[in-house]
Amino acid sequence: MEAMGLPLVVGVDGSEGSGQAVEWAAAEADRSCLPLRLVYASLWEHYEGIRSEPGTDRPYEEVLAEDLLAAAEERAHRIAADVKVSTAIQPEDPVTALLREALDASFLVLGPHGHGPVAGLLLGSVSLAVAARAPCPVIVARGEEPNLLSALRRVAVGVGDGPGSAAAVRFAFREARWRGCELLAVRAWHLPAHETLPHPLTGADRARAHRREAGESADRVMGLVSGKYPEVAARRRLVPGPVHQVLLDESAGADLLVVGAERRHPVVGLPLGRVHHAVLRHSACPVAIVPVRG
């Protein structure tokens, strides 16, 4: 297999979560014909008095980093023997290093858990910070079998009204083509608690009107992209309810959940909304956050 294009970059830290990300990314690199880049980042070079590996004059963490990357590379090749793999040790904090890597990546793949005292959290602080700020798509490889193994043959994408929706749909169509699977476009809708209409409607009429409007909006977004992927079987699903809960429910039947995220300039804090936080922390399958500049 000849690798082409920018690499898939995976953050490696020795945790089981990052190992999960390596395996997921190896399978993704295999089906997309992209190279894989494994990155370990730490500030160890900036500290004085760091201990050396016994029998050498090399810092302990440098030796550890090399061992972790070697183990990660072996793990990747067990999943996809022909994928081209490169490794890198970056002497800086993981968020800074991964955001720089994102400038020359097809997308980043991260584990769902941190390493060390934050390992028990549902989402590691590095994964959350990178997902919020990266200029390329970020995939958090979370979930269990069969979702994590791409066994359900479905990519789900959240479709809304913002500019991030079209970017997410394009990414989702590409993923579905790579996988040879179904694309499900999910549009949540709800009845506003208060609305002013020139001619008051009954409850049932209002529900039909809002559902129809949601369907027309989803069709517009899908229509912008679907013609470029005629081989992908795509359908839409209109579901009443809060967006975050609708997407979480749909994640149980998907191999990948794709959500758009509008980036603003300058980036201040974490520009992710409630929906992004909910799916990154609780989705039953891997989640792709696809950025678009607002």
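See the structure above.
First, a word on scope: everything that follows refers to the structure included in this document. What you see is a predicted model, and the numbers here were worked out from it, not measured in a lab. Sequence order sets the numbering: in each chain, residues are counted from 1 along the sequence as written. In keeping with the predicted nature of the model, local features appear solely for residues at pLDDT of at least 70, side-chain atom pairs appear and are counted solely at 80 or more, and the whole-chain, interface and lining totals rest on all residues. Hydrogens and water molecules were not included; the side-chain quantities draw on all heavy atoms of the structure.

Another aspect to go through is the packing of aromatic side chains. We call Phe, Tyr and Trp rings a pair once their centres come within 6.5 Å, taking the six-membered ring for Trp, and we label the pair stacked below 30 degrees between planes, edge-to-face above 60, and tilted otherwise. Summed over the entire model, instances satisfying the criterion amount to 2 aromatic pairs. Judged by centre distance (5.6 Å) and plane angle (75°), the rings of phenylalanine 107 and phenylalanine 171 are edge-to-face. Of this pair, phenylalanine 107 sits in strand β4 (residues 107-110) while phenylalanine 171 sits in helix α5 (residues 163-179); the two residues are 64 residues apart in sequence, bridging distant segments of the chain. Exposure classes here rest on a 1.4 Å probe applied to the protein chains alone. A residue is buried below 20% of its type maximum, exposed above 50%, and partly exposed in between. Given a relative accessible area of 0%, phenylalanine 107 falls into the buried group. Ring centres of phenylalanine 173 and tyrosine 229 lie 5.4 Å apart, and the angle between their planes is 20°; on these two criteria the pair is classed as stacked. A residue pair is termed long-range when its members are at least 10 positions apart, and phenylalanine 173 in helix α5 and tyrosine 229 in the loop between α6 (203-223) and β8 (234-240) qualify at 56 residues. In this structure phenylalanine 173 comes out as buried when scored by relative accessible area, which is 1%. Its relative accessible area of 13% is what places tyrosine 229 among the buried residues. It is arginine 31 that lies over the ring of tryptophan 24; its NZ or CZ is 5.7 Å from the centre. Secondary structure is summarised from DSSP: a helix means a run of H or I of at least four residues, a strand means a run of E of at least two, and numbering begins at the N terminus for each. Only when the NZ of Lys or the CZ of Arg is both within 6 Å of the ring centre and within 35 degrees of the ring normal is a charge said to sit over the ring.

Moving on, we get to helix α1 (residues 16-32). Here the expected length of a helix is defined as 1.5 Å per residue gap, with one fewer gap than residues. Relative to the 24 Å expected for 17 residues at 1.5 Å per residue, α1 spans 24 Å between its end C-alpha atoms, a close match to the ideal helical length. Among the 17 residues that make up α1, 12 are buried, leaving the element largely enclosed by the rest of the structure. Among all positions in α1, only Gly17, Ser18, Gly19, Gln20, Ala21, Val22, Trp24, Ala25, Ala26, Glu28, Ala29 and Ser32 are buried. A positive phi of about 60° marks cysteine 33, the residue just after α1.

A separate point is the pairing of strand β6 (residues 154-158). Remember that side chains alternate between the two faces of the sheet whenever the strand is regular. The element β6 is extensively covered by neighbouring structure, given that 5 of its 5 residues are classed as buried. Burial of β6 is two-sided: the residues Arg154, Ala156 and Gly158 facing one way and the residues Val155 and Val157 facing the other way are all buried. Here 5 bridges tie β6 to strand β7 (residues 182-189), and the two strands are oriented parallel to one another. Note that in β7 the partner of valine 157 across the bridge is alanine 185. In this analysis, strands are considered paired if DSSP registers two or more bridges between them.

We now examine the packing of α1 against helix α2 (residues 60-79). Throughout, an axis means a line fitted to C-alpha atoms (over the contacting stretch in the case of helices), and angles, computed between N-to-C directions, take values from 0 to 180 degrees. It is the contact of α1 with α2, at a shortest axis distance of 8 Å, that shows an interaxial angle of 40°. It follows that α1 is oblique to α2 by the angle criterion. Where α1 crosses over α2, the two elements pack in a sense that is right-handed. Contact with α1, carried on its side by Glu16, Gly19, Gln20, Val22, Glu23, Ala26 and Ala27, involves Ala72, Arg75, Ala76 and Ile79 of α2 and no other residues of that element. Three classes are used, and their members are as follows: Ala, Val, Leu, Ile, Met, Phe, Trp, Tyr, Cys and Pro are nonpolar, Asp, Glu, Lys and Arg are charged, and the others, Gly among them, are polar. In the contact of α1 with α2, the residues fall into 6 nonpolar, 2 polar and 3 charged. These descriptions rest on fixed angle ranges, namely under 35 degrees for roughly parallel, over 145 for roughly antiparallel, 65 to 115 for roughly perpendicular, and the rest for oblique. Two helices cross in a left-handed way if the nearer one is turned anticlockwise from the farther one by less than a right angle. They cross in a right-handed way if the turn is clockwise. Any pair of residues with heavy atoms lying within 4.5 Å of one another is described as a contacting pair.

Geometrically, the link from glutamate 145 to proline 146 is a cis peptide bond, its omega value of 0° lying close to zero. Mapping proline 146 onto the fold places it in the loop between β5 (138-140) and β6. You will see that cysteine 33, though not glycine, has its phi angle at about 60°, which is positive. For cysteine 33, the location among the structural elements is in the loop between α1 and β2 (36-41).

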